[in-house]
Amino acid sequence: MKIRHFLYNAFLIEHKATKIAIDPGQNLWLFGFRSLLPKSEWRNVTHVLVTHGDPDHYWQADRVANTARAPLVMHTAMAHKAEFSWQILSPRRRGLQFQPFVGEVHTLDVNASVEVDGVTIEGIQTKHGPLEFRVLGRTKRIVPSLNERAGFGAIGFKIRINGITLLNLGDSVLRPGWAGLKPDVLMLPIGGLGNHTWTMDVNEAIEAVRIIAPKHVVPCHHSVPFFLNRKVCPADDHAFARDVQKLGVGCSLLGYGDEVELETTRIRPMNFPVHHGMTS
């Protein structure tokens with residue numbers, strides 16, 4: 001099994017003929033405004049999973065799914081069945097506007113599961129933290145709500161492929177309800193700014209690792225590009241990796257396009273090195 005990271009929470013998970021795209025969004029840096037997943041990767045994607053409706057996670061989801069003729073999997077809030085087609089939250093319009101999608105859609109609630117082409121996907125409860133950033137010298141804070149696009153439809157995914165369990169938490173603050181999930185691989189954000197802003201910060205993410213008890217961890221959503229800034233949500237990923245390994249858990253730091261290959265027959269703690277590519 002191969003896991004590749006493309007900034008923010010954009011991942012490709014590949015095993016044999018299965019290729020799962022998680023959060024195929026948009027690079028939000030004004031000087032590199034483009035798809036996070038290279039278009040050369042789109043055509044043979046088999047599943048598209050979306051953790052919420054923010055543009056860095058969702059902007060290209062329908063395009064990837066249409067190109068690959070792959071099913072979309074998302075929270076029930078983000079899609080509903082109309083008379084002739086699905087209506088999905090529009091990836092590129094502002095606000096909570098919906099648009100037709102002619103294709104396969106699977107919606108999930110927390111603790112519900114669906115099997116799609118040999119892959120089992122379970123919904124895990126997550127909560128997106130408030131967004132805080134500076135615009136023209138002023139600090140702007142957006143608190144996600146039912147009527148707010150930021151963080152809309154937030155859900156995590158527990159994914160089972162060929163006996164391996166992977167857990168992706170999207171953009172979430174720490175939740176005690178994750179205790180004992182015990183996936184083989186955990187993908188979690190570490191770039192929060194404290195006080196439950198954006199996502200977990202490094203210390204909270206370490207606590208998440210402790211209570212979730214995975215065998216291997218891939219941190220994400222830190223030091224990412226946003227408008228004019230090349231690195232918002234900064235985090236010391238190497239300090240995070242050292243603390244994770246003190247817990248007896250393996251850790252891989254993956255930059256844009258970096259990958260880690262996992263033995264699908266058995267995953268052992270500390271079995272994989274820390275990678276030192278571009279931070280993401």
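Treat the numbers as computed from the prediction; the structure is a model and nothing was measured. (Residues numbered from 1 in each chain as written. Predicted model: local features only at pLDDT ≥ 70, side-chain atom pairs only at ≥ 80, totals over all residues. Heavy atoms only, no water.)

**Comments concerning the overall build of the chain**
Piece 1. Per the secondary structure count, the chain includes four helices and 22 strands.
Piece 2. Expected size for 280 residues packed as a compact globule is a radius of gyration near 19 Å; at 17 Å, the chain falls within 12% of this value.
Piece 3. C-alpha atoms of the chain, sized along the principal axes, occupy 55 × 50 × 35 Å.
Piece 4. A sequence separation of at least 24 residues applies to 61% of the contacts in the chain between residues at least 6 apart.
Piece 5. Taking the 31 positively charged and 26 negatively charged side chains of the chain as two groups, their mean positions are separated by 3 Å. (Helix = DSSP H or I, 4+ residues; strand = E, 2+ residues; numbered from the N terminus. Rg over C-alpha atoms; globule rule 2.2 N^0.38 Å. Contact = heavy atoms within 4.5 Å. Lys, Arg positive; Asp, Glu negative; His and termini not counted. Charge placed at Lys NZ, Arg CZ, Asp CG, Glu CD.)

**What to know about the side chain of His128**
Piece 1. Secondary-structure assignment places His128 in the loop between β12 (119-124) and β13 (131-135).
Piece 2. At 3.2 Å, the side chain of His128 forms a polar contact with the side chain of Asp54.
Piece 3. At 3.5 Å, the side chain of His128 forms a polar contact with the side chain of Asp171.
Piece 4. Ignoring sequence-local partners within four residues, the contact set of His128 consists of His52, Asp54, Pro144, Gly151, Ala154, Asp171 and Trp198. (Polar contact = N/O pair within 3.5 Å; in protein donor to acceptor, adjacent residues only side chain to side chain.)

**A few points about the packing of aromatic side chains**
Piece 1. In total, this model carries four aromatic pairs according to the counting rule given.
Piece 2. Taken together, a centroid distance of 5.3 Å and an interplanar angle of 85° make the contact between Phe6 and Tyr256 edge-to-face. Of this pair, Phe6 sits in the loop between β1 (2-5) and β2 (11-15) while Tyr256 sits in the loop between β21 (250-251) and β22 (259-261), and the two are 250 residues apart along the sequence.
Piece 3. Residue classification places Phe6 among the buried positions, given a relative accessible area of 3%.
Piece 4. On the basis of an interplanar angle of 65° and a centroid distance of 5.4 Å, the ring pair of Trp29 and Phe31 is categorised as edge-to-face.
Piece 5. Given a relative accessible area of 18%, Trp29 falls into the buried group.
Piece 6. Taking the relative accessible area as the measure of exposure, Phe31 reaches 60% and is therefore exposed. (Phe/Tyr/Trp six-rings, centres within 6.5 Å; stacked < 30°, edge-to-face > 60°. Buried < 20%, exposed > 50% of the residue type's maximum accessible area, 1.4 Å probe, protein only.)

**A look at the pairing of strand β19 (residues 224-227)**
Piece 1. For strand β4 (residues 28-29) and β19, the ladder comprises two bridges, and the chain directions are parallel. Across the sheet, residue Trp29 finds its bridge partner in β19, namely Phe227. (Pairing = 2+ DSSP bridges.)

**A word on the environment of Lys182**
Piece 1. In this structure, Lys182 sits in the loop between β16 (164-168) and β17 (185-189).
Piece 2. Linking Lys182 and Phe101, residues 81 residues apart in sequence, is a C-alpha distance of 35 Å.
Piece 3. Not counting chain neighbours up to four residues away, the residues in contact with Lys182 comprise Ile212 and Ala213.

**A short note on the pattern of salt bridges**
Piece 1. Enumeration over the complete set of coordinates arrives at 10 salt bridges.
Piece 2. Of the charged contacts in the structure, one is a salt bridge between Lys215 and Asp184, with a shortest N-O distance of 3.4 Å. Of the two residues, Lys215 is situated in the loop between α3 (202-212) and β18 (216-220) and Asp184 in the loop between β16 and β17; the sequence distance between them amounts to 31 residues.
Piece 3. Of the residues examined, Lys215 reaches a relative accessible area of 35% and is grouped as partly exposed.
Piece 4. Looking at Asp184, the relative accessible area reads 10%, which means it is buried. (Salt bridge = Lys/Arg side-chain N within 4 Å of Asp/Glu carboxyl O.)

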